[in-house]
Amino acid sequence: MKKITLILSALVIFISCKETKSVTSQNKSNVVEKAQATIDSVMVRKHLYTLASDEMEGRGTGTPGIEKAAVYIENEFKRIGLKTFKNLADYRQTFTFKNRRTGEDITSSNIIGVLEGKSKKEEIVIVSAHYDHLGMKKDGEGDLIFNGANDDASGVAGVLTLAEYFKSVGNERTIVFVAFTAEEMGLIGSKEFGKGIDASKFVAGINLEMIGKTPSFGPNTAWLTGFERSDFGKIIQKNLVGTGYQLFPDPYKKFNLFFRSDNASLARLGVPSHTFSTTPIDVDKDYHKVSDEAATLNMTVVTQTIKAVAKGTESIINGKDTPTRVVIKE
């Protein structure tokens, strides 16, 4: 009997040790996963410098330069592991439109990738930025390329980084990541996207535009267009409490910025879609100039803003918060 008791005791100790090792191993695995789920400043820099390079020739809509940018974004979506949108055969939503200035037909593509949600798959959050810019000057001397580093390679770098981040940490709602084309020609790409969606399924729009410079509010701040049009901004502010980062309403009311970026195309459909920015647009000397080069941007500002957007929108992505709808009175 004594022998049996000793054998049983040894067996219990063995099982307990095995379970402890298993739990410890699992905890280590979780720590590793969390450590991997970071906003990598090196990758942010790579995206931005690639998209704003001279090789992209200013990413003018309908040019070989923007095609190079489209291929880069597609390859990143594929590397990250995003799915295609709805019934599209690949990441491209290709369409043709007429250039209002020249009357010529232009064919271009929105680049769209999807991260399916878990418990709230049918509810969609869109994360977007435009990847087009002004292209090149037709003649002249010196620098002829409108590189568009801040406007809006910085925003696209944010979209790609957030796609990789949420792929790693998970998401309850479905996230649609979009690099819009032809924003500079009148929000053409986002309007085209809006034609084919059920807007009632889109619970929020997170648009990134010019996030590469220190705002007038100071370091670790950003501003949001259309702050008063829904409670989206208040949700972000709540989630950022204690982080050292602050979000403010758009201080440039006279510029009507809520309607000048791709968020407007979805907002007109009722989606609480807003644009994050950091640039002091009233005094920015590089806006729509050939001087908008990657070297003029503050990579710390870009990276910290992307981190703040990830943290600030977390409760929306995970279905805990749902912003109020936008009502547009023309």
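This text gives an overview of the structure that appears in the document. (Residues numbered from 1 in each chain as written. Predicted model: local features only at pLDDT ≥ 70, side-chain atom pairs only at ≥ 80, totals over all residues. Heavy atoms only, no water.)

The next point concerns the layout of surface pockets. What the largest pocket holds in volume is close to 650 Å³. Lining the largest pocket are 21 residues, and of these T61, N99, R101, L134 and M185 sit closest to its centre. In the lining of the largest pocket, the residues fall into six nonpolar, eight polar and seven charged. Forming the walls of the second largest pocket are 16 residues, and the residues nearest its centre are F85, K86, K121, I124 and T174. Mapped onto the lining of the second largest pocket, the elements with two or more residues apiece are strand 3 (120–130) and strand 4 (173–180). The dominant element in the lining of the second largest pocket, judged by the number of residues it contributes, is strand 3, at three residues. Tallied by class, residues from the lining of the second largest pocket come to six nonpolar, three polar and seven charged. (1 Å grid on protein atoms, 1.4 Å probe; cavity = no way out; pocket = protein on both sides within 12 Å on 5 of 7 lines; lining within 4 Å. Points joined across faces, edges and corners; volume = space filled by probe spheres on them. Nonpolar A, V, L, I, M, F, W, Y, C, P; charged D, E, K, R; others polar. Helix = DSSP H or I, 4+ residues; strand = E, 2+ residues; numbered from the N terminus.)

Let us now look at the packing of helix 2 (residues 41–51) against helix 4 (residues 149–169). As a packed pair, helix 2 and helix 4 sit with axes 8 Å apart at the nearest point and diverge in direction by 140°. As judged from the angle between their axes, helix 2 and helix 4 are oblique. Of the two elements, helix 2 crosses helix 4, and the hand of that crossing is right-handed. Listed contacts from helix 4 to M43, V44, H47, L48 and L51 of helix 2 are A149, A153, S154, V156, A157, L160, T161 and E164. Residue composition of the contact of helix 2 with helix 4, by class: nine nonpolar, three polar and one charged. (Axes fitted to C-alpha atoms, helices over the stretch in contact; angles between N-to-C directions. Parallel < 35°, antiparallel > 145°, perpendicular 65-115°, else oblique. Left-handed = near helix turned anticlockwise from the far one by under 90°. Contact = heavy atoms within 4.5 Å.)

A separate point is a negative patch on the surface. A cluster of acidic residues, D54, E55, E57 and D143, forms a negative patch on the protein surface. Using a relative accessible area of 31% as the deciding quantity, one classes E57 as partly exposed. (Patch = residues over 30% accessible without salt bridge, like charges linked within 9 Å, V, L, I, M, F, W, Y side chains within 5 Å. Areas by Shrake-Rupley, 256 points an atom, 1.4 Å probe, with all protein chains shown as cover. Salt bridge = Lys/Arg side-chain N within 4 Å of Asp/Glu carboxyl O. Lys, Arg positive; Asp, Glu negative; His and termini not counted. Charge placed at Lys NZ, Arg CZ, Asp CG, Glu CD. Buried < 20%, exposed > 50% of the residue type's maximum accessible area, 1.4 Å probe, protein only.)

Next up on the list: empty space enclosed by the protein. For the structure shown, the criterion picks out one cavity of 30 Å³ or more. Computed from the structure, the largest cavity encloses a volume of approximately 40 Å³. Around the largest cavity sit A222, I236, L240, Y245, L247, F276, T305, A308 and V309, which together line it. Going through the elements one at a time, helix 6 (232–240) and helix 8 (299–312) are the ones with two or more residues in the lining of the largest cavity. The greatest single-element share of the lining of the largest cavity, amounting to three residues, is contributed by helix 8. By residue class, the composition of the lining of the largest cavity is eight nonpolar, one polar and no charged.

This part is about the pairing of strand 2 (residues 105–115). Of all 11 residues in strand 2, nine are buried, a share of seventy percent or more. By the bridge criterion, seven bridges tie strand 1 (residues 92–98) to strand 2 in an arrangement that is antiparallel. Paired with F97 across the strands is I106, a residue of strand 2. Counted between consecutive antiparallel strands, the loop separating strand 1 from strand 2 contains six residues, among which G103 sits at a positive phi close to 80°. (Pairing = 2+ DSSP bridges.)

A word on the pattern of salt bridges. Under the defined criterion, the tally for this structure stands at 18 salt bridges. K46 serves as the salt-bridge partner of E76, at 3.8 Å between the closest nitrogen and oxygen. Within this pair, whereas E76 is found in helix 3 (residues 64–80), its partner K46 is found in helix 2, the two being separated by 30 residues in sequence. Accessibility expressed as a relative area gives 7% for E76, which makes it buried. One network of salt bridges, with partners in common, ties together K46, E76, R79 and E164.

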